[in-house]
Amino acid sequence: MKKELRVIGKPVPKHDAGIRVTGKAVYGHDIVLPGMLHGAILRTEHPAAEFTIDVSQARKLPGVVCVITADDVDVNNIGYKRDHPILKKGEANCTRDEIAAVAADTKAIAQEALKLIKVKYKVRKGVYDPFEALNEKSPQINKFISGKFPNKNIAEVFHYEHGHLEEEKKKSAVTVTRRFSLPRMTHTCMGTSNITASFNKTDGKLLLYSSTQVPFLYQRDMAHALKMNPSDIRVIQPVIGGGFGSKLDMHPFEPICALLSIKTGRPVQILYSREEEFIASPTRQPMIIDLTAGADEKGNFTFREINIIKDNGAYTSWGATTPFVIMQAFSSLYKVRACKFDATAVYTNNVFAGSFRGYGNPQATFALERIIDLLADELKMDKAAIRLLNANEKGEITGQGLHFETCGHKECLETVIEKAKGKRQKHVASGAEPAKVENPRFKNGIGYASMLHVGGGAKIYRSDGCGTTSKIDPYGYCTIITGSNEIGQGSETVLAMIASEELGIELKKIKVINTDTDVKPWDVGVHASRTSFVAGNSLLGAIRILKDKLNKKASELLQTNDPEFEYSDNKIISEKTKTTIALDKVVREMHFSEPNELAIASFFYEPSSKFQDKDFKGNVSGTYAFASQAIEVEVDTYTGNVKVLDIYVAQDVGKVLNPLLLAGQIEGGILQGVGYALTEELLMHEGKILNPNFHNYKILTASDIPNIHFYPIETNDKQGPYGAKGVGEAPLIPTAAAISNAVCDALGVEFLELPMTPERVLKAIHENK
Amino acid sequence: MDFKITSPKNKAGLLKAMQEGKNFRFGAGYTDLLMELKKQEETSFTIINLAQLNDKTFTEINTISGGLRIGSLATAAEIVNDKFITQHFPALQEAAHSLASSQIREVATIGGNLCTASPSGDMACALMALEAQCEILSANGKTRTVPISGFFTGPRKTVLQKKEVLRSVLVPLLEKNRKLHSGFIKVGTRRSMECSVVSLAYHIHLDRNDSIVHAGVAIGASAPTIRFAKTACDLISGNNLKTISQKDKEEFAAKVVSYASPITDIRATAWYRKEVLFNISKSIFE
């Protein structure tokens, strides 16, 4: 192992901070190509209807170059289950449904053309409740499914179990059953969805400027949709204005834009308005969770029995696979002897969800951590104590086969319990206005929650790897060509720091190339908090090979047989002979003297994780992240407003790679979690979205930000780069659960749904009177 | 977004624009109007842009005999930072401060807040409690003054005639250095960038012994227009602020609520609005 780290662990500002804050970053919206047309999409007026469409008037409008409907294209369905037509033919099943698209000289003409498209609707009664959809009498909503499930409106099912459920039920001193209800939350990326497609008719190649998080899977999906060869599609990622999981799926507007370009032979750009972003981009999966959990008389968790109904919407996205993650929380967060898990995704005429930071885990953790409080109440046990008693431990292999080679769960819990304790006592003791104590308007409460999430990638695709090519030029600059991409999470910075640490090259001499599928090696994409872990390890592998080459040449030049060279200050230093040589000189000597070699190396890293078996058992990630939060709230019993006062968060990050970026991830995630807990909900009525704007979809503002106290826990996992684990999703996951527990603590009420809007809180207070 | 715009620099120019204009709208801070314009590719109306108007009766905040004149183009930020308003009309200062965000407060005008006539207008609600007068300038150069209680005629509707513009708001100052209990309560989901779900402005004059000499209470977002809760004000007149009984507090709150006829919309139900209005009305004595 090395001596002291010089770059890793230091608060290095983001690599791309300068271009972002000065407006120099080139987002998809800034791209202008010669001869570019502007695309626009016509969506159905009714979420459940049959329709006929006449585009003849739109085609006649001067400035309109192309109008397409389902009749004009030869394509395959898209989506995780290939149940989603790119353009809908004769039948609309969701308010987002794309029924025609236009390419025109200007945006205004494209919009005008949409108005000239005549659509005759025969409105049907839609099915907006998943339980109603399961009724045999309900119509079949999606006609493109395989039919492998007994009920025609089931899109996907998951079943998992471990332990002896019935035996554990008998051993339980207390059992609690509740139904939890989770809302639609949406990503609200600051950069709206966008794509620019440019098809070259002379060579048949398609160039896409796309904000996808998963360029190589996207290339494959796009090729399948358009019946093309994947290698004829080049995906270039401009600067991405927010992902949070929303760009894991390929959405219909993307192949539509490509089709418009293929038809016209000209570049076409589609940019969403904010309203369109709210209506047509994905959401977090709404779900109803029926959970029964038990504990023995000492408080040890005995069993959990879970049945989840997920509103799949009209089509199936990656969001339908969230039970992969949800079942990990139920099977393995805190030690539990038996678990039986069922999840069913049900088609409705609602909008479909996608993936969203946490991937089902915030929903699962909300239900689980609420029920832990209720079990503690039944047992008359302290809510901190019951958690400590059941906390996960190092070395544990859970019922699902997750192997916790390192585990900071207990330390996370102990930390936040300790930090929050002092605060709470102070609050009670100070009692600023004693007159109010009897019937205080403001009531304080404290809540705890933990989370378990993959921290070393997640093997849900056949490979969870990442490739890297790394080179040093004759001037001593290093270029990292990585398969991973930057979506704001800071991966460019972390990779540059790793190269700087290992090669002794200063940060400004390190370049990261990561935006072009024709250039970069394969990577599965940005998701599952995996980039620092997987791309970091991949880069370390490439640097190892590169250094072997450099070391060989350095030995020759320094006339030493020292195997241990130190890379520092742009030099290679032999510890043994105390001689040094400039790094760039070694590179030049390699290049210009025989056998004439470049300082370049490639490596592909595949995590040690395993693809789970058909029973969903196996060690799915290279390592696991843990976090605990203790949150204190103040509830205004006059208005129902919940003010989050202090959030104490301890997170097992393995190793802090960059404290500045880490704090950014922690604070950003927590605030998204506070929004999930208190304010954010996409409101729907009969399949239509009622609040497609920032006015009524309430994300929190700077003035709502609580005090966030962050305590990183370093468990130094040997799998991770320098011991690091994934951190991106974790801070969001337990926040809503902890806030909910705090509100319930403050008021003595039971909250089983989110968000806890002022009105819902006031109502709960009234019902509790 | 394409529209015609004319920017008068002085009163004469303004009157001319108003006389000549057939179909026009006024723009000052554009915090509402711009949203509307963005939705339209072309507008049928001309915008008379007041932002460049150089006329003190429109732009300045000045003390006058019997009170304060606030030009309709005074921004929320100017009101927030005005020392006289902070001292004598806390309800207005707090209302202006609760408006949207600091960026928007730099451009949003008090005139716009009144003339857009939203039932949830924050400064408008405070001005109702302060029993302000609206000074209206006509295209023919004449002015008329209407009490704010008669200014709003419905949601998004005012007494302003086609060729009239709000020039100033006159806020009466009953007695200088009077003891005050004055404030603005805004209820919403978040702490900024919020449109009131319910609001309450109160401006209560006290004598040396905390007896209530005069009270002004207004409610927002609870009825088709902002309303002055007269019977609630009458009820507490003569009472002592410090010793007012629980029963009187609740009776006062019930009287305030009697002015509310809230709707249920996606932001809140009528039940919630009434319930909260009752609670916050009570809270002004706590």
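This one's a predicted model, so the numbers in the text were calculated from it and none came from an experiment. In this convention, every chain numbers its residues from 1, walking through the sequence in written order. Each chain gets a letter, beginning with A, and each ligand a number, beginning with 1, in the order they are written. Totals for whole chains, interfaces and linings use every residue, but because this is a predicted model, local features are given only for residues with pLDDT of at least 70 and side-chain atom pairs only at 80 or more, for both listing and counting. Note that water and hydrogens are dropped before the side-chain values are worked out from all heavy atoms of the structure.

Participant: Sorry, what's going on with the overall build of chain B here?
Facilitator: Only DSSP runs of H or I with at least four residues qualify as helices, and only runs of E with at least two residues qualify as strands; both kinds are numbered from the N terminus onward. Counting its secondary structure elements, chain B contains twelve helices and 14 strands. Over its C-alpha atoms chain B spans a radius of gyration of 19 Å, differing by no more than 12% from the 19 Å that the globule rule assigns to 286 residues. In terms of overall dimensions, chain B has C-alpha extents of about 60 × 45 × 30 Å along its principal axes. The buried label applies to any residue whose accessible area, calculated with a 1.4 Å probe on protein chains only, is under 20% of its type's maximum; exposed applies above 50%, and partly exposed to all values in between. Taking all 286 residues of chain B together, the buried fraction comes to 55%. The contact criterion used throughout is that any non-hydrogen atoms of two residues lie within 4.5 Å. Excluding contacts between residues fewer than 6 apart, the proportion of contacts in chain B whose partners are at least 24 apart in sequence is 63%. All accessible-area figures derive from a Shrake-Rupley calculation using a 1.4 Å probe, and residue coverage is judged against the displayed protein chains alone. Surface accessibility of chain B: about 12,500 Å² in total, with carbon and sulfur atoms responsible for 49%. Throughout, the radius of gyration refers to the C-alpha atoms, and the reference size of a globule is 2.2 Å times the residue count to the power 0.38.

Participant: Hey, could you run me through the domain arrangement of chain A in this one?
Facilitator: Residue and element names in this part refer to chain A. Where each domain starts and ends follows an automatic or database-derived domain assignment. When its domains are assigned, chain A resolves into domain 1 (31-124 + 190-242 + 247-280), domain 2 (408-447 + 625-768) and domain 3 (465-605). Placing a centre on the C-alpha atoms of domain 1 and another on those of domain 3 gives a separation of 40 Å. In short, buried area is how much 1.4 Å probe accessible area vanishes from two parts on joining, totalled over both. When domain 1 packs against domain 3, the two sides together hide about 1,300 Å² of surface, and 55% of this comes from carbon and sulfur. Ranking the residues of domain 1 by area buried against domain 3 places Q213, F216 and Q237 at the top, with a combined share of 46%.

Participant: Would you mind going over the nonpolar core with me for this structure?
Facilitator: Soluble, globular proteins show a tendency: their nonpolar side chains are buried together. Buried Ala, Val, Leu, Ile, Met, Phe, Trp, Tyr and Cys residues that are joined via side-chain atoms within 4.5 Å together make up what is termed a nonpolar core. I289, F330, F341 and I739 of chain A are the most contacted members of the largest nonpolar core, which has 105 residues in total. Considering every element that reaches this core, the biggest residue donor is helix α10 (residues 361-379) of chain A, with ten residues. With 74 residues, the next largest nonpolar core counts L92, F151, V197 and C233 of chain B among its residues.

Participant: Hey, could you run me through the domain arrangement of chain B in this one?
Facilitator: Where interface size is given, it is often the accessible area lost as the parts come together that is meant. All names here are of chain B. What the domain assignment reports for chain B is domain 1 (2-49), domain 2 (56-172) and domain 3 (179-283). Each of domain 2 and domain 3 has a C-alpha centre, and these two points are 20 Å apart. Contact residues are listed per partner, giving 28 residues for domain 2 and 29 residues for domain 3. Summed over both partners, the interface of domain 2 with domain 3 buries about 1,900 Å², with 66% contributed by carbon and sulfur atoms. The salt bridge criterion pairs a side-chain nitrogen of Lys or Arg with a carboxyl oxygen of Asp or Glu, the two atoms within 4 Å. If you look at where domain 2 meets domain 3, you find one salt bridge. Distance and chemistry together define a polar contact, namely a pair of N or O atoms within 3.5 Å, with one atom able to donate a hydrogen and the other to accept it when in protein, and with adjacent residues in sequence counting only for side-chain atoms on both sides. The interface formed by domain 2 and domain 3 includes eight residue pairs in polar contact (both at pLDDT 80 or more). Among the secondary structure elements, those contributing two or more residues to the side of domain 2 that touches domain 3 are α5 (83-88), α6 (90-98), α9 (122-129) and β8 (152-154). Its residues assigned to classes, the side of domain 2 that touches domain 3 comprises 16 nonpolar, nine polar and three charged. We call Asp, Glu, Lys and Arg charged. Ala, Val, Leu, Ile, Met, Phe, Trp, Tyr, Cys and Pro are nonpolar, and the rest, Gly among them, are polar.

Participant: Sorry if this is basic, but what is going on with the interface of chain A and chain B here?
Facilitator: Contacts between the two partners involve 28 residues from chain A and, on the opposite side, 23 residues from chain B. Buried area between chain A and chain B, both sides added, is near 2,200 Å², and the carbon and sulfur share of it is 53%. When the buried area of chain A at its contact with chain B is split by residue, Y638, K698 and E759 of chain A rank highest and sum to 29% of it. Linking chain A to chain B there are two salt bridges.

Participant: I tried to follow the pairing of strand β24 (residues 624-636) of chain A on my own but got confused; where do I start?
Facilitator: All names here are of chain A. Most of β24 sits inside the fold, with twelve of its 13 residues counted as buried. In terms of strand pairing, β24 meets strand β25 (residues 642-652) through ten bridges, oriented antiparallel. Bridge pairing in β25 places V633 opposite V644. Taking the residues between adjacent antiparallel strands as the criterion, β24 and β25 are bridged by five residues, where G640 takes a positive phi near 85°. Pairing between two strands is assigned when DSSP locates at least 2 bridges connecting them.

Participant: I tried to follow the pattern of salt bridges on my own but got confused; where do I start?
Facilitator: A side chain of one charge can pair with a side chain of the opposite charge when the charged atoms of the two come close. Residues and elements named next belong to chain A. Evaluated as defined, the whole model comprises 65 salt bridges over all chains. Here D221 makes a salt bridge to R82, at a shortest N to O gap of 3.6 Å. Of this pair, D221 sits in helix α6 (residues 215-226) while R82 is found in the loop between β3 (64-68) and β4 (91-92), placing the two residues 139 residues apart along the sequence. Accessibility expressed as a relative area gives 31% for R82, which makes it partly exposed. We note a salt bridge from K169 to E305, for which the minimum N-O separation is 2.7 Å. Of the two residues, K169 sits in helix α5 (residues 165-171) while E305 sits in strand β14 (residues 301-313), which places them 136 residues apart along the sequence. Members of the salt-bridge network, linked through shared partners, are E166, K169, E305, K340 and D342.

Participant: I would appreciate a short explanation of the packing of helix α11 (residues 246-258) of chain B against helix α12 (residues 270-283) of chain B in the present structure.
Facilitator: The geometry of a pair of packed helices is captured by two quantities: the angle between their axes and the separation between those axes. All names here are of chain B. In this description, a line fitted to the C-alpha atoms serves as the axis of each element, helices being fitted only across the stretch in contact, and the angle between N-to-C directions of two axes falls anywhere from 0 to 180 degrees. Where α11 contacts α12, the two axes come as close as 8 Å, and the packing angle between them is 140°. Considered as vectors, α11 and α12 are oriented oblique to each other. Once α11 is placed against α12, the crossing between them reads as right-handed. Here Q246, K249, E250, F252, A253, A254, V256 and V257 of α11 lie close against α12, whose contacting residues are K274, L277, F278, S281 and K282. Split into classes, the residues belonging to the contact of α11 with α12 amount to seven nonpolar, two polar and four charged. Convention used here: angles under 35 degrees read as roughly parallel, angles over 145 as roughly antiparallel, angles from 65 to 115 as roughly perpendicular, and any remaining angle as oblique. Note on convention: near helix rotated counterclockwise from far helix by under a right angle means a left-handed crossing. Clockwise means right-handed.

Participant: Before we go on, may I ask you to explain unusual backbone geometry in this structure?
Facilitator: Negative phi is the rule for most residues except glycine; trans is the rule for most peptide bonds. All names here are of chain A. With omega at 10°, the peptide bond leading from E594 into P595 counts as cis. Mapped onto the elements, P595 comes out in the loop between α15 (583-592) and β23 (600-605). In this structure, the amide linkage connecting L754 to the following residue, P755, adopts the cis form with an omega of -10°. If you trace the backbone, P755 turns up in the loop between α17 (735-747) and α18 (758-768). Phi is positive for S529, which is not a glycine, with a value near 50°. With respect to the element layout, S529 can be found in the loop between β19 (510-513) and α14 (531-558). Look at S529 and you get buried, because its relative accessible area is 16%. The backbone of N716 sits at a positive phi, close to 45°, despite the residue not being glycine. If you trace the backbone, N716 turns up in the loop between β28 (707-713) and α17. Residue N716 is classed as partly exposed on the basis of its relative accessible area of 44%.

Participant: Would you explain the sheet that holds strand β7 (residues 154-162) of chain A in this entry?
Facilitator: What holds strands together in a sheet is hydrogen bonding between their backbones, with the strands either parallel or antiparallel. Residue and element names in this part refer to chain A. Here five strands make up an open sheet; going across it, the order is β7-β15-β14-β13-β8 and the pairing mixed. In this open sheet, the two strands that pair with only one neighbour each are β7 and β8 (174-182). Averaged over all adjacent pairs, the angle separating strand axes in this sheet is 5°, with direction ignored. Across the face of the sheet, α10 comes into contact with β8, β13 (287-295) and β14 while running at roughly 150° to β8.

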